[in-house]
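Given next are the chains, with one letter for each unit.
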Amino acid sequence: MGQCVTKCKNPSSSLGSKSGDKDPAGKAHCKKGGVIGGGGGGGGAGGGVYKEEAGPVCTRSPADLLANGTKKMEAEGRTGPAPSGEPPGGEEPAAAGGEEFSVPRIEELFGCYKDEVDDAILEEGMERFCSDLCVDPAEFRVLLLAWKFQAATMCKFTRREFVEGCKALRADSLEGIHARFPRLLLEARAEDGFRDLYRFTFQFGLDAEEGQRSLQRDMAVALWRLVFTQDSPPILERWLDFLAENPSGVRGVSRDTWNMFLNFTQAVGPDLSNYSEDEAWPSLFDSFVEWEVERRKREEEEEERTRRAEAEEEEDRDRDRDRDREGASP
């Protein structure tokens, strides 16, 4: 979801809205310059990692939502009473578990959120969609939905993306889409599924309108935190610290660097012992390994100094106790 997880240029906001700010009614406001999670680093509030919880994240009952995905009062004002009689045409074969979906109902759901002018769901509609879907715009699940819809731009679903995405999910209602999240989370844990999601995330983070070919550093950091929500590699936080401490040397992240980092996390152990400069790693990785080795060296030296200081203090205390015992002897 490009500026939401859908045109975020400032990675301190959210996926479903540019800013991630919410009014008292609970609606997020997509303002210019928002991004991916609360906090300066993106991800979750305070730069943390979002933790998935079972069930909906809102308190609305599914019974309060119609099949077309709108709230009852909104639906009455927008589309009138629900039709009776035979179900609409366009029924597809039964989905897993005997469920069915129909393209007309998907189109109707799309119409509930589409822009008044453009034939697409834009920022405001995306906010309402996330709210009615009972997901926080900064959630990992919103990225999964964008992945399944193959969205080309943050904060935007074209009609084709939405319809084809819902068909892929075999869902034509909010309840149906929400019910697919557990399956999507499992897909994203599989090796092939995660690799596809990971590569999609890079393209999704680019500003297509500006013809970007590299991710801005802050955007890349936010997206790395987000895409590794379920399984974070041990080296991730050190890598992100390295990027944060070298803002002038790391202004953008290329597609090659993004893709190779996944290989890096899989091939190089947490202690970096498997890293070899002779292999075809991007030069940025060489700089990172040098930085990390030096940081660990300083940390070990500091720990050694602290250990020695504590040992000397203990020796001093032992000498003081010995003197006290000698002074107390008859």
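Asks: Where do I start with the pattern of salt bridges in this structure?
Replies: Side-chain pairs of opposite charge can arise whenever the charged atoms involved come near each other. Considering all chains together, one arrives at 15 salt bridges under this definition. When the shortest N-O distance is used, the salt bridge between D119 and R159 registers 2.7 Å. With a gap of 40 residues between them, D119 in the loop between helix 2 (103-111) and strand 3 (120-121) and R159 in helix 5 (residues 159-169) connect regions that are remote in the sequence. Accessibility expressed as a relative area gives 26% for R159, which makes it partly exposed. Between K148 and E187 there is a salt bridge; the shortest N-O distance is 3.0 Å. Separated by 39 residues along the polypeptide, K148 in helix 4 (residues 140-149) and E187 in helix 7 (residues 181-189) bring together distant segments of the chain.

Asks: Looking at this model, I keep getting lost on helix 3 (residues 123-132). Mind explaining?
Replies: Because each turn of an α-helix spans 3.6 residues, side chains separated by three or four positions end up pointing in the same direction. Of all 10 residues that make up helix 3, 7 are buried, and the element is covered over most of its length. When we look at burial in helix 3, the residues that qualify are G125, M126, E127, R128, F129, C130 and D132. Where helix 3 ends, the next residue or the one after it, C134, has phi of about 65°, a positive value.

Asks: Would you mind showing me how to read the environment of V221 here?
Replies: Of note, V221 is situated in helix 9 (residues 217-227). Here the alpha-carbon distance between V221 and L243, two residues 22 residues apart in the chain, equals 8.0 Å.

Asks: For this particular structure, what's the right way to read the packing of aromatic side chains?
Replies: For any pair of aromatic rings, the description rests on two quantities: the centre-to-centre distance and the angle between the ring planes. Scanning all chains against the criterion turns up 32 aromatic pairs. Measuring from centroid to centroid gives 5.8 Å for F264 and Y275, while their planes differ by 65°, and the two rings are edge-to-face. In this pair, F264 sits in helix 11 (residues 255-267) while Y275 sits in the loop between helix 11 and helix 12 (283-328), placing the two residues 11 residues apart along the sequence. Of the two residues examined, F264 and Y275, each falls in the buried class. The ring of F181 has R141 lying over it, and the distance from NZ or CZ to the ring centre is 5.2 Å. Looking at K148, its charged tip hangs above the ring of W147, at a distance of 5.2 Å from the centre.

Calculation criteria
- In this convention, every chain numbers its residues from 1, walking through the sequence in written order.
- Only residues with pLDDT of at least 70 are given local features in this predicted model, and only at 80 or more are side-chain atom pairs given and counted; all residues enter the totals for whole chains, interfaces and linings.
- For side-chain calculations, the full set of non-hydrogen atoms in the structure is used, while hydrogens and water are omitted.
- The rule for a salt bridge is simple: a side-chain nitrogen of Lys or Arg has to be within 4 Å of a carboxyl oxygen of Asp or Glu.
- In this description a helix means any DSSP run of H or I spanning at least four residues, a strand means any run of E spanning at least two, and both kinds are numbered starting from the N terminus.
- Relative accessible area decides the class of each residue, using a 1.4 Å probe on protein chains only: under 20% of the type maximum gives buried, over 50% gives exposed, and in between gives partly exposed.
- Each Phe, Tyr or Trp ring, with Trp reduced to its six-membered ring, pairs with another whose centre is within 6.5 Å; inter-plane angles below 30 degrees give stacked pairs, above 60 give edge-to-face pairs, and intermediate values give tilted ones.
- Either the NZ atom of lysine or the CZ atom of arginine qualifies as a charge over a ring when it sits within 6 Å of the ring centre and within 35 degrees of the ring normal.

Function cannot be inferred from these measures alone, as they are strictly geometric.
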